[in-house]
Amino acid sequence: MKRDLDLDLVLDVRDVHKHFTLHLRGGLQLPVLRGVSLQVAGGECVALVGPSGRGKSTLMKCLYGSYAVNAGALWLRRGDGEGLDLASASPQTWVAMRRREIAYVSQFLRALPRQAALDVVAERRLQAHPAEVIEGADPLDDGPYLAALDTARDAARLLLARLNLPESLWGLPPATFSGGEQQRVNIARGFVEPARLLLLDEPTASLDAGNRRIVIDLIREAKAAGAAVVGIFHDEEVRDAVADRCVHFD
Ligand SMILES: Nc1ncnc2c1ncn2[C@@H]1O[C@H](COP(=O)(O)OP(=O)(O)OP(=O)(O)O)[C@@H](O)[C@H]1O
Ligand SMILES: [Mg+2]
């Protein structure tokens, strides 16, 4: 389904319902989101606020396509200005949207085993800017791929350095990193490629004050570049610094 969205609006969530079916408990239904609506313009940050267990992260996961909604619409304005209802999007559309339009910083990093931290970040950039396939080129020539990988790694290095991740860790898989180190890899991955919709689930939860300030700057820069940001920030200082509005889950 498609429609034109009002000028400036990037995300329009309309009357979303989501329940979980607990199969181990005889199919019991657990309603989590009951008629949630919110709108976010480009350059705006909306904070989801409310007690634990009220469905804030669930809404984030619906906006990233990890969970399907049971009813309602999730309108996203694409780069070409057209509105697309993600609630009824095909898996192929979701893959394309995740590559180019939507970035998600989850509370805990999930990365491929044995992938170096630098490449966890670079991969996100590479997905949005894959090596150009030139017609008639030697299929065994990996030059274009290596050039694209180099560019992506340069962007990843800049961001990891800015987030103060020690260079000695860049070549190591993040599985054994501390909570704050993993979170900074996660943040770098979320910010390495500009997104139209930026989803942040407690991005500063395990960070020290210095790194929290850097994340605040990154969020402000993303807003200035026109991103619509939906965030969960238990840290009120961070919330006050970046959020334009709060939506309460009561
Ligand atoms: N995959 C799932 N299957 C069953 N129940 C789930 C699932 N995911 C979430 N829930 C339930 O949905 C409710 C909302 O969870 P959610 O993680 O969205 O809360 P939250 O508002 O983000 O809380 P917090 O502030 O603690 O992070 C909880 O009761 C949780 O147990
Ligand atoms: Mg949560």
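Model, not experiment: these values are computed from the prediction.

(A) Layout of the site of ligand 1. Surveying the vicinity of ligand 1 reveals 13 residues, the closest of which are S52, G53, K56, S57 and T58. Within the contact set of ligand 1, an oxygen atom lies 2.5 Å away from a side-chain nitrogen or oxygen of S52. Contact with the protein chains hides 65% of the accessible area of ligand 1, taken as 640 Å² for the molecule alone. At the level of secondary structure, the elements contributing two or more residues to the shell around ligand 1 comprise β2 (9-22), β3 (28-41) and α1 (56-63). Here the shell around ligand 1 takes three residues from α1, the largest share from any one element.

(B) Region of interest: the UniProt feature "domain: ABC transporter" (unreviewed entry) in the chain. In the numbering adopted here, UniProt assigns the feature "domain: ABC transporter" (unreviewed entry) to residues 11-250. Annotated as 36% helix and 25% strand, the span residues 11-250 places its first and last C-alpha atoms 21 Å apart.

(C) Representation of unusual backbone geometry in the model. Of note in this structure, N164 is not a glycine but carries a positive phi near 60 degrees. With respect to the secondary-structure elements, N164 resides in the loop between α4 (143-162) and α5 (179-191). Relative accessible area serves as the criterion here: at 46%, N164 is assigned to the partly exposed category. Phi at E202 takes a positive value of approximately 50 degrees, unusual for a residue other than glycine.

(D) View of the nonpolar core. Residues L163, V185, I187, F191, L200, I219 and F233 are the most contacted members of the largest nonpolar core, which totals 45 residues. Looking at this core, the elements with two or more residues in it are β4 (45-49), β7 (102-105), α3 (117-128), α4, α5, β8 (197-201), α6 (209-224) and α7 (236-242). Sort the elements by how many residues they give to this core and α4 lands first, with seven residues. Discounting residues that sit within four places of it in the chain, F191 has contacts with L159, L198, L200, L218, I219 and A222.

(E) Looking closely at α3. Of all twelve residues in α3, nine are buried; the element is thus mostly enclosed. Summarising the contacts, the buried residues of α3 are in contact with α2 (91-100), β7, α4 and α5.

(F) Seen up close, the layout of surface pockets. Quantified by volume, the largest pocket comes out at close to 740 Å³. Around the largest pocket sit 23 residues that line it, and Y64, Y104, S106, R110 and R189 are the ones nearest its centre. Broken down by secondary-structure element, the contributors of at least two residues to the lining of the largest pocket are α1, α2, β7, α3 and α5. When residues in the lining of the largest pocket are grouped by element, the largest group, four residues, is from α3. Considering only residue class, the lining of the largest pocket consists of eight nonpolar, seven polar and eight charged. If you add up the space inside the second largest pocket, you get close to 410 Å³. Lining the second largest pocket are 23 residues, and of these P194, A195, A222, A225 and A227 sit closest to its centre. Of all the secondary structure elements, the ones that give two or more residues to the lining of the second largest pocket are α4, α5 and α6.

(G) Representation of the packing of aromatic side chains within the structure. All told, the structure shown has two aromatic pairs when counted by the stated rule. Judged by centre distance (5.1 Å) and plane angle (80 degrees), the ring pair of F20 and Y67 falls under edge-to-face. Of this pair, F20 sits in strand β2 while Y67 sits in the loop between α1 and β5 (71-77), and the two are 47 residues apart along the sequence. Aromatic side chains Y64 and Y104 sit 4.8 Å apart centroid to centroid with 40 degrees between the ring planes, which places their arrangement in the tilted category. Of this pair, Y64 sits in the loop between α1 and β5 while Y104 sits in strand β7, and the two are 40 residues apart along the sequence. The pair Y64 / Y104 is uniform in exposure class, with both members buried. The side chain of R98 reaches across the aromatic face of Y64, ending 3.8 Å from its centre.

The rules behind these values
- Residues numbered from 1 in each chain as written.
- Chains lettered and ligands numbered in written order.
- Predicted model: local features only at pLDDT ≥ 70, side-chain atom pairs only at ≥ 80, totals over all residues.
- Heavy atoms only, no water.
- Near = heavy atom within 4 Å.
- Polar contact = N/O pair within 3.5 Å; in protein donor to acceptor, adjacent residues only side chain to side chain.
- Areas by Shrake-Rupley, 256 points an atom, 1.4 Å probe, with all protein chains shown as cover.
- Helix = DSSP H or I, 4+ residues; strand = E, 2+ residues; numbered from the N terminus.
- UniProt positions renumbered as here; feature names shortened; annotations may be inferred.
- Buried < 20%, exposed > 50% of the residue type's maximum accessible area, 1.4 Å probe, protein only.
- Core = buried A, V, L, I, M, F, W, Y, C linked by side-chain atoms within 4.5 Å.
- Contact = heavy atoms within 4.5 Å.
- 1 Å grid on protein atoms, 1.4 Å probe; cavity = no way out; pocket = protein on both sides within 12 Å on 5 of 7 lines; lining within 4 Å.
- Points joined across faces, edges and corners; volume = space filled by probe spheres on them.
- Nonpolar A, V, L, I, M, F, W, Y, C, P; charged D, E, K, R; others polar.
- Phe/Tyr/Trp six-rings, centres within 6.5 Å; stacked < 30°, edge-to-face > 60°.
- Lys NZ or Arg CZ within 6 Å of the ring centre and 35° of its normal.

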